[in-house]
There are 2 protein chains.
Amino acid sequence: MTDFYPSRISATPSIMERKDPGLYGSKDSGPLKHQELDFYEQNGYIFFEKLFSDDEVDVLRKKLDGTMDDHKSVDKPHVVREQGSDEIRSIFDVHKNTEFFQKLSAHEKLVNIAQQLLGSQVYINQSRINFKPGFKGKEFYWHSDFETWHVEDGMPRMRAVSCSIILTDNYEYNGPLMLIPGSQNYYVQCASGTPDSHFEQSLKKQEFGTPDHNSLKWLVGKSNGRIDRATGPAGSVLFFESNIMHGSSGNISPFPRSNVFFVFNSIENKLEQPFSELSPRPEFLANRENVKPIQPQAFDLSKKLVHLS
Amino acid sequence: MTDFYPSRISATPSIMERKDPGLYGSKDSGPLKHQELDFYEQNGYIFFEKLFSDDEVDVLRKKLDGTMDDHKSVDKPHVVREQGSDEIRSIFDVHKNTEFFQKLSAHEKLVNIAQQLLGSQVYINQSRINFKPGFKGKEFYWHSDFETWHVEDGMPRMRAVSCSIILTDNYEYNGPLMLIPGSQNYYVQCASGTPDSHFEQSLKKQEFGTPDHNSLKWLVGKSNGRIDRATGPAGSVLFFESNIMHGSSGNISPFPRSNVFFVFNSIENKLEQPFSELSPRPEFLANRENVKPIQPQAFDLSKKLVHLS
């Protein structure tokens with residue numbers, strides 16, 4: 001299959017233009033208005049303040065904490081811990097392994113937006129819940145998710161969107177996600193060098209597929225120096241395009257951060273073989289098996305709270 | 001001499017109230033107005049936007065760059081490099097070693113404010129110029145300067161103020177100084193354990209005299225969750241009280257940060273023997289020799305530019 005986005009093939013990095021639309025749907029194909037779609041297309045992300053109510057956030061947080069607790073002594077690759085500690089940082093594949101997050105991943109509030117942005121039915125390519133502790137939350141260096149998904153997982157085109165449901169207030173000072181607006185329109189071809197199964201390390205610390213300083217400077221120049229931050233109250237939801245350059249600083253504040261994270265991929269953009277010599281990464285990082293389009297479901301989270309208590 | 005602020009003497013940390021005024025001067029004793037003095041007393045810091053003009057910043061930046069260049073191959077303790085790299089991070093004692101920064105440290109704009117805040121004549125206890133590179137600027141964990149100056153240098157009372165002249169724009173996303181407002185009114189007695197001459201390491205990474213998580217949570221609770229950031233354009237000047245809890249995140253943005261840093265101490269608060277079993281730190285970190293009150297000088301930086309070019 002043609003590789004439209006080669007990367008890690010040359011010793012010197014370079015930048016090429018995006019070859020896919022930044023937005024696939026139209027205003028008639030989903031809940032988002034013209035203005036919102038415009039914003040997403042221009043900036044590569046869109047942030048919805050309090051898409052979920054405080055009651056719903058309570059339920060989500062309890063489910064996240066409960067799932068973390070259930071995995072305390074699970075020693076499997078999809079349970080990722082802080083470097084040099086036993087604390088769980090992320091649990092992957094929650095849309096398969098837990099009934100609650102499976103239903104959440106089909107929530108019509110989320111899926112209808114993803115379908116509109118991608119102009120097709122969608123499926124979950126990756127899911128996880130994240131807990132970033134206060135005082136010692138590590139930084140996550142700049143990267144394009146798509147670059148990794150393309151080279152290491154075989155995602156052919158830029159037709160996926162990440163969705164982050166934030167479960168703690170995100171402030172300027174507790175390591176919010178930072179995004180370079182407009183950077184989704186350029187593809188940074190990283191310098192070569194991807195050792196096999198480097199993913200086990202890269203989940204903890206980015207080292208390969210890392211964009212170079214000059215390309216990052218160029219992207220920030222293109223955005224007129226803008227670096228946006230996804231700050232806002234718990235219950236807010238960020239959708240960001242697969243190729244947008246993003247990262248986050250460490251978090252020395254006492255305020256931890258947790259979120260639920262789904263990657264929606266277009267059903268027309270299923271994974272192929274990796275665009276590299278690498279073996280495909282494991283299923284919990286890049287879903288290939290039994291891929292079927294999601295049927296959006298109404299799912300009243302706050303009613304659940306009543307059943308739970 | 002009585003130790004009013006013991007620290008690192010117990011295995012368990014604790015918090016005590018400040019025993020010194022948070023503000024020594026009055027509105028009649030200097031340039032700051034009633035409101036400004038109130039703000040400083042309550043919050044422990046005050047930020048003056050563009051106290052120096054763009055022309056003055058140009059001169060300051062050139063002098064900083066020139067001084068960094070001059071020290072490229074100087075291998076002395078007062079020239080501090082990034083861990084694992086040759087890049088200079090800080091040069092200390094610039095108020096002694098360079099004519100320009102000596103004059104700057106006596107600049108009436110700065111000294112008159114310091115005198116007013118401290119209610120006396122002042123001298124420079126420490127000076128340095130700092131360069132925090134883009135992309136890889138390291139975080140600086142929470143600390144009270146006074147705790148170190150007291151335990152390791154023998155500063156008897158809380159009667160000093162730091163002055164940071166920022167020479168690059170400080171954004172939310174390039175690792176600005178973060179301060180916990182009001183924290184200057186409490187003294188966190190850190191847990192014991194200070195190996196001798198740990199300063200060589202601590203200049204690169206804080207490890208001792210580190211406040212514990214519970215005390216930090218308590219201080220942030222006292223400030224109603226506020227963590228303020230010193231953001232603003234180049235030429236702005238931050239004065240912050242010796243005991244305020246502060247720190248900064250790493251900087252993965254392309255924007256470097258540089259500043260000139262002076263610690264003004266009251267002439268009535270000269271250093272004694274360290275309040276610990278430690279030997280005094282070197283002169284470049286804590287001035288003891290030939291301490292004389294500064295005579296404030298008018299010093300037109302922008303005129304200098306004309307002479308230089």
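So, how was this worked out
- Residues numbered from 1 in each chain as written.
- Chains lettered and ligands numbered in written order.
- Predicted model: local features only at pLDDT ≥ 70, side-chain atom pairs only at ≥ 80, totals over all residues.
- Heavy atoms only, no water.
- UniProt positions renumbered as here; feature names shortened; annotations may be inferred.
- Phe/Tyr/Trp six-rings, centres within 6.5 Å; stacked < 30°, edge-to-face > 60°.
- Buried < 20%, exposed > 50% of the residue type's maximum accessible area, 1.4 Å probe, protein only.
- Least-squares fit on C-alpha atoms with pLDDT ≥ 70 in both.
- Contact = heavy atoms within 4.5 Å.
- Buried area = accessible area lost by both parts, 1.4 Å probe.
- Salt bridge = Lys/Arg side-chain N within 4 Å of Asp/Glu carboxyl O.
- Polar contact = N/O pair within 3.5 Å; in protein donor to acceptor, adjacent residues only side chain to side chain.
- Helix = DSSP H or I, 4+ residues; strand = E, 2+ residues; numbered from the N terminus.
- Pairing = 2+ DSSP bridges.
- Axes fitted to C-alpha atoms, helices over the stretch in contact; angles between N-to-C directions.

- In the annotation of an unreviewed UniProt entry, chain A is listed under the name Ectoine hydroxylase and assigned to Salinibacillus xinjiangensis.
- The UniProt entry for chain A carries this comment under Function (unreviewed entry): "Involved in the biosynthesis of 5-hydroxyectoine, called compatible solute, which helps organisms to survive extreme osmotic stress by acting as a highly soluble organic osmolyte. Catalyzes the 2-oxoglutarate-dependent selective hydroxylation of L-ectoine to yield (4S,5S)-5-hydroxyectoine."
- Regarding chain A, the UniProt comment filed under Cofactor (unreviewed entry) reads as follows: "Fe(2+)".

### Considerations on the packing of aromatic side chains
Residues and elements named next belong to chain A.
- What the rule picks out here adds up to 28 aromatic pairs over all chains.
- Between Tyr171 and Tyr173 the ring centres are 5.0 Å apart and the planes differ by 0°, which places this aromatic pair in the stacked class.
- Look at Tyr171 and you get partly exposed, because its relative accessible area is 27%.
- According to the relative accessible area criterion, Tyr173 is buried, its value standing at 8%.
- These aromatic residues form a ring-pair network of at least three members: Tyr5, Phe146 and Tyr187.

### Considering the relation of the copies chain B and chain A
- Superposing chain B onto chain A takes a rotation of 180° plus a shift of 0.0 Å along the axis, which leaves an RMSD of 0.0 Å. With respect to symmetry, the two chain copies, as superposed, fit the operation of a two-fold axis.
- A symmetric contact is evident, with 100% of the interface residues of chain B recurring at the interface of chain A.

### A look at the interface of chain B and chain A
- Listed by partner, the interface residues are 23 residues for chain B and 23 residues for chain A.
- For chain B, the biggest contributors to the area lost against chain A are Phe135, Tyr173 and Ile252 of chain B; these three give 37% of the whole.
- At the surface where chain B touches chain A, the tally comes to 0 salt bridges.
- On the surface where chain B and chain A come into contact, there are 4 residue pairs in polar contact (both at pLDDT 80 or more).
- When residues of the side of chain B that touches chain A are traced back to their parent elements, those giving at least two are β6 (140-144), α8 (213-222) and β12 (245-248) of chain B.
- Looking at which element gives the most residues to the side of chain B that touches chain A, the answer is α8 of chain B, with 4 residues.

### Observations concerning the sheet that holds strand β10 (residues 228-229) of chain A
Residues and elements named next belong to chain A.
- Strand order across the open sheet formed by 4 strands is β6-β12-β8-β10, with antiparallel pairing between neighbours. One side of each edge strand has no neighbouring strand; the edge strands of this open sheet are β6 (140-144) and β10.
- Pairing of strand β8 (residues 177-179) with strand β12 (residues 245-248), which is carried by 3 bridges, proceeds in the antiparallel orientation. Its bridge partner being in β12, Leu179 is matched across the sheet by His246.
- Contacting β6 and β12, helix α6 (residues 145-153) crosses the sheet at an angle of about 65° to β6.

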